[in-house]
Amino acid sequence: MPLRETEAIVLRTYHLGEADKIVSLFTRQYGRLRAVATGAQRTRSRFGGVLEPLTYIRLWLFERENRDLLRMNSAELVESFFAIQGDFTVQLAAQYMAEAAERFLPEREVNERAFRLLLAALRGLKASGEVHRTLLYFDYWLLRLSGLLPELRWCAACGKPLNAQGASYDATPQGLFCCRRGKGKISAGGLGLTEKIRRLPLDAWLGSDEPRNAVFEARRLFEAWIASSAEGRLMTLEMLHEEAERE
Ligand SMILES: [Zn+2]
């Protein structure tokens, strides 16, 4: 492949030997992928320290014949989310979004709307410092933009509209039930939030005040579904739950 320009959010980096790094990226034009940044561990690298997790960059990629991994030619900073790192829970929330994107989204599958979602959620988190409502919005839309969000208005077993009784659900995204007992439960209040998130842009959603319990209930629902479809355990999600219990 010839040299290609794209924008990306750095999800994670790994050391490769003494001098290089493997960079896990969510790119706007090509989806999630990994690329080798040659010499990125050197102090005077041409990447100039922009390959940190949660950095929004512009980069140039190319593929060598008979090699699985892409190579990065160069990269420059577009936007940093470094300011997020002042607050532990906010930082953890940002790391969760990166981890969920990395383990949940299929490799090399273009999903420009999911890219814009991650970027908007990071910006929302940076501007508002509001962890719970930002994560709920991110989780709902990550499922939806991946085509994994089931119908939330009717019972998946009997087809009746879900009413004030709330609903139950299983750990995998098979829908909500009124007449069957599942592993988790969500109240009518929690369900009402999902309808609001579907309609509102993130800024408007973050500006609205919602009962904390309902936000938590809805988050547990979507996080269970994301975790069940993700590759491996979501370590940051477990840490977020421990944090929430301490609050
Ligand atoms: Zn039912």
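Residues numbered from 1 in each chain as written. Predicted model: local features only at pLDDT ≥ 70, side-chain atom pairs only at ≥ 80, totals over all residues. Heavy atoms only, no water.

Q: Outline the overall build of the protein, supporting the account with residue identities and numerical values.
A: A count of helices and strands for the protein gives seven helices and eight strands. Relative to the compact-globule value of 18 Å for 247 residues, the protein shows a C-alpha radius of gyration of 19 Å, a close match. Viewed in the frame of its principal axes, the protein has a C-alpha envelope of about 60 × 40 × 30 Å. In the protein, the proportion of contacts linking residues at least 24 apart, taken out of those at least 6 apart, comes to 61%. Carbon and sulfur atoms form 47% of the exposed surface of the protein, whose accessible area is close to 12300 Å². Computed over 35 positive and 32 negative side-chain charges, the inter-centroid distance for the protein is 2 Å. (Helix = DSSP H or I, 4+ residues; strand = E, 2+ residues; numbered from the N terminus. Rg over C-alpha atoms; globule rule 2.2 N^0.38 Å. Contact = heavy atoms within 4.5 Å. Areas by Shrake-Rupley, 256 points an atom, 1.4 Å probe, with all protein chains shown as cover. Lys, Arg positive; Asp, Glu negative; His and termini not counted. Charge placed at Lys NZ, Arg CZ, Asp CG, Glu CD.)

Q: Report on the domain arrangement of the protein, specifying residues and quantitative values.
A: We note that the domain assignment places domain 1 (4-80) and domain 2 (85-246) within the protein. On a C-alpha basis, the centres of domain 1 and domain 2 stand 29 Å from each other. Taken together, the contact pairs 23 residues of domain 1 with 22 residues of domain 2. Its largest share of buried area at the contact with domain 2, domain 1 owes to Phe26, Arg28 and Arg32, together 38% of the area lost on that side. Here domain 1 is connected to domain 2 by four salt bridges. Taken together, the links from domain 1 to domain 2 amount to 10 residue pairs in polar contact (both at pLDDT 80 or more). (Domains from an automatic or database assignment. Buried area = accessible area lost by both parts, 1.4 Å probe. Salt bridge = Lys/Arg side-chain N within 4 Å of Asp/Glu carboxyl O. Polar contact = N/O pair within 3.5 Å; in protein donor to acceptor, adjacent residues only side chain to side chain.)

Q: Lay out the environment of Ala171 in plain terms, naming residues and giving numbers.
A: Take Ala171: it is sitting in the loop between strand S6 (167-169) and strand S7 (176-177). The class for Ala171 is partly exposed, based on a relative accessible area of 32%. The spacing of Ala171 and Tyr56 is 115 residues in sequence and 33 Å in space, taken between C-alpha atoms. If we ignore the near neighbours within four places in the chain, the residues touching Ala171 are Lys183, Ala224, Trp225 and Ser228. (Buried < 20%, exposed > 50% of the residue type's maximum accessible area, 1.4 Å probe, protein only.)

Q: Tell me what's going on with the layout of surface pockets, and back it up with residues and numbers.
A: Estimated volume of the largest pocket: approximately 370 Å³. Along the wall of the largest pocket there are 21 residues; nearest its centre are Leu11, Glu52, Pro53, Leu54 and Gln95. Only strand S1 (4-16), strand S5 (70-80), helix H1 (88-104) and helix H7 (235-246) provide two or more residues apiece to the lining of the largest pocket. Residues that form the lining of the largest pocket fall into these classes: nine nonpolar, seven polar and five charged. (1 Å grid on protein atoms, 1.4 Å probe; cavity = no way out; pocket = protein on both sides within 12 Å on 5 of 7 lines; lining within 4 Å. Points joined across faces, edges and corners; volume = space filled by probe spheres on them. Nonpolar A, V, L, I, M, F, W, Y, C, P; charged D, E, K, R; others polar.)

Q: Account for the packing of aromatic side chains, with residues named and values stated.
A: Taken as a whole and assessed by the stated rule, the structure comprises eight aromatic pairs. Note on Tyr96 and Phe138: the rings are 6.4 Å apart at their centroids and 80 degrees apart in plane angle, and the pair reads as edge-to-face. Highlighted residues: Tyr96 in helix H1 and Phe138 in helix H3 (residues 131-145), separated in sequence by 42 residues. Taking relative accessible area as the criterion, Tyr96 reaches 0% and is therefore assigned buried. Relative to Trp225, the ring of Tyr169 has its centre 6.2 Å away and its plane inclined at 80 degrees; by these criteria the two rings are edge-to-face. With Tyr169 in strand S6 and Trp225 in helix H6 (residues 212-229), this pair connects stretches of sequence that are 56 residues apart. Here the two residues Tyr169 and Trp225 agree in accessibility, since each one is buried. Members of the aromatic cluster, joined through ring pairs, are Tyr137, Tyr140, Trp141, Tyr169, Phe222 and Trp225. Note that Arg180 overlies the ring of Phe177, its terminal NZ or CZ placed 4.0 Å from the centroid. (Phe/Tyr/Trp six-rings, centres within 6.5 Å; stacked < 30°, edge-to-face > 60°. Lys NZ or Arg CZ within 6 Å of the ring centre and 35° of its normal.)

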